[in-house]
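What follows is the residue order along each chain.
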Amino acid sequence: MTVRITPSILNADLANLATEVGRIPSADFIHIDVMDNHFVPNLTIGLPVVESLRKATTTPLDIHLMIADPDRWAPGFAEAGAESVTFHMEAAHAPVRLARELRAKGARAGVALNPATPIEACATMLGEVDMVLLMTVEPGFGGQTFLDLVLPKITAIRKLVSAANLDVWIQVDGGVSVETIERTAEAGADTFVAGSAVYRATDPDAMVKQLAGLAAAGFARCGH
Ligand code: DX5
Ligand code: ZN
């Protein structure tokens, strides 16, 4: 089994995104945080920036939609060529229909859960998605402290995915760093967003590689 590092550009220099993405060639995907000031109390970047980034890099794009009414907006990101589009279960009106629509448009479909949302919210539709994103901070901002209370949720969803023999990636997002990534992988995560840890590092690509090594070591002890 393989682990993936999907750095978030939220803490990069937003005036020089193409350059910033070019600093992390070892990234498996580029994680792009789209916020609408409704679902979360922050406003970031939207579809036009994603369309421009799609032309600026060959690294696959991992869109994290922290927006209300993803049923309306998510398919546009798949049409823009994003390889993965994740919407929040707390915001979706018809999550099964939306996941199917994203897949039909050629994207991987992901569902995200806030820290306090139980995994049962998406357990019945694991066969409809390619990734489950478990937030390890309250969504909205980079640089927050990792919430250890999410670790049992990671283990529980990993058990469900293994028991059903599904190829669903388990992603974590928020406070992932050299201090937290190993125990997160050991709990069962295989895909890791890291924002400030990567872009505050002197050498962001070396940090991506270091995180990948630590994640692989932790995941080897996961037992699933
Ligand atoms: C937070 C975003 C994250 C954020 C992570 O709501 O979804 O992707 O950029 O930043 P760090 O790694 O600094 O917690
Ligand atoms: Zn994110």
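Residues numbered from 1 in each chain as written. Chains lettered and ligands numbered in written order. Predicted model: local features only at pLDDT ≥ 70, side-chain atom pairs only at ≥ 80, totals over all residues. Heavy atoms only, no water.

**Topic: the coordination of the zinc ion (ligand 2)**
Reasoning step 1: At 2.0 to 2.3 Å from the zinc ion (ligand 2) lie its protein donor atoms, namely His31 (NE2), Asp33 (OD), His64 (ND1) and Asp173 (OD).
Reasoning step 2: The site at the zinc ion (ligand 2) holds six donor atoms, and with the angles between them running 72 to 171 degrees, its shape is octahedral.
Reasoning step 3: Going along the chain, you hit the donors of the zinc ion (ligand 2) in the pattern H-x1-D-x30-H-x108-D. Of this pair, His64 sits in strand β3 (residues 61-66) while Asp173 sits in strand β7 (residues 169-173); the two residues are 109 residues apart in sequence, bridging distant segments of the chain. Comparing His64 with Asp173, the two get one shared label, buried. (Donors = N, O, S within 2.8 Å, 3.2 Å for Na, K, Ca; no water. Tetrahedral: all angles 85-135°; square planar, octahedral: opposite > 155°, others 65-115°. Helix = DSSP H or I, 4+ residues; strand = E, 2+ residues; numbered from the N terminus. Buried < 20%, exposed > 50% of the residue type's maximum accessible area, 1.4 Å probe, protein only.)

**Looking at the packing of aromatic side chains**
Reasoning step 1: Counted under the stated rule, the structure contains one aromatic pair.
Reasoning step 2: Pairing Phe29 with Trp169 gives two aromatic rings, centres 5.8 Å apart and planes at 85 degrees, and the pair type is edge-to-face. One end of the pair, Phe29, is in the loop between α1 (17-22) and β2 (30-35); the other, Trp169, is in strand β7, and 140 residues separate them in sequence.
Reasoning step 3: We classify Phe29 as buried; its relative accessible area is 9%. (Phe/Tyr/Trp six-rings, centres within 6.5 Å; stacked < 30°, edge-to-face > 60°.)

**A look at the pattern of salt bridges**
Reasoning step 1: Tallied over the entire structure, the rule returns 11 salt bridges.
Reasoning step 2: For Asp130, the salt bridge goes to Arg103, with nearest N and O atoms at 3.0 Å. Of this pair, Asp130 sits in the loop between α5 (120-123) and β6 (131-135) while Arg103 sits in helix α4 (residues 95-104), placing them 27 residues apart in sequence.
Reasoning step 3: Among the ionic pairs, Lys209 bridges to Asp205, the shortest N-O distance being 3.8 Å. A residue pair is termed a helical-turn pair when its members lie 3 or 4 positions apart in one helix, as Lys209 and Asp205 do in helix α9 (residues 204-220) at four residues.
Reasoning step 4: On the accessibility criterion, Lys209 (54% relative accessible area) is exposed.
Reasoning step 5: A cluster of three or more residues bridged by salt bridges with shared partners is formed by Arg4, Arg158 and Asp190. (Salt bridge = Lys/Arg side-chain N within 4 Å of Asp/Glu carboxyl O.)

**Here we look at the nonpolar core**
Reasoning step 1: By size, the foremost hydrophobic cluster in this structure holds 66 residues, and its most contacted members are Ile9, Ile32, Ile63, Val85 and Phe192.
Reasoning step 2: At five residues, the largest contribution of residues to this core is made by α9.
Reasoning step 3: Phe192 has contacts with Val3, Arg4, Ile5, Thr6, Val172, Val176, Ile181, Thr184, Ala185 and Ala215, leaving out every residue within four places of it along the chain. (Core = buried A, V, L, I, M, F, W, Y, C linked by side-chain atoms within 4.5 Å. Contact = heavy atoms within 4.5 Å.)

**Side note on the site of ligand 1**
Reasoning step 1: Near ligand 1 you find 20 residues, and of these Gly140, Gly143, Asp173, Gly195 and Ser196 are the closest.
Reasoning step 2: Within the side chain of Asp33, a nitrogen or oxygen atom sits 2.9 Å from an oxygen atom of ligand 1.
Reasoning step 3: Contact distances for ligand 1 include 2.5 Å between an oxygen atom and a side-chain N or O atom of Ser196.
Reasoning step 4: For ligand 1, whose unbound accessible area comes to 380 Å², protein coverage reaches 100%. (Near = heavy atom within 4 Å. Polar contact = N/O pair within 3.5 Å; in protein donor to acceptor, adjacent residues only side chain to side chain. Areas by Shrake-Rupley, 256 points an atom, 1.4 Å probe, with all protein chains shown as cover.)

**Examining the sheet that holds β2**
What holds strands together in a sheet is hydrogen bonding between their backbones, with the strands either parallel or antiparallel.
Reasoning step 1: Strand order across the open sheet formed by eight strands is β1-β8-β7-β6-β5-β4-β3-β2, with parallel pairing between neighbours. Only two strands of the sheet have a single neighbouring strand rather than two, namely β1 (4-5) and β2.
Reasoning step 2: In this fold helix α2 (residues 47-56) packs onto β2 and β3, with an angle of close to 170 degrees to the strand it touches most, β3. (Pairing = 2+ DSSP bridges. Axes fitted to C-alpha atoms, helices over the stretch in contact; angles between N-to-C directions.)

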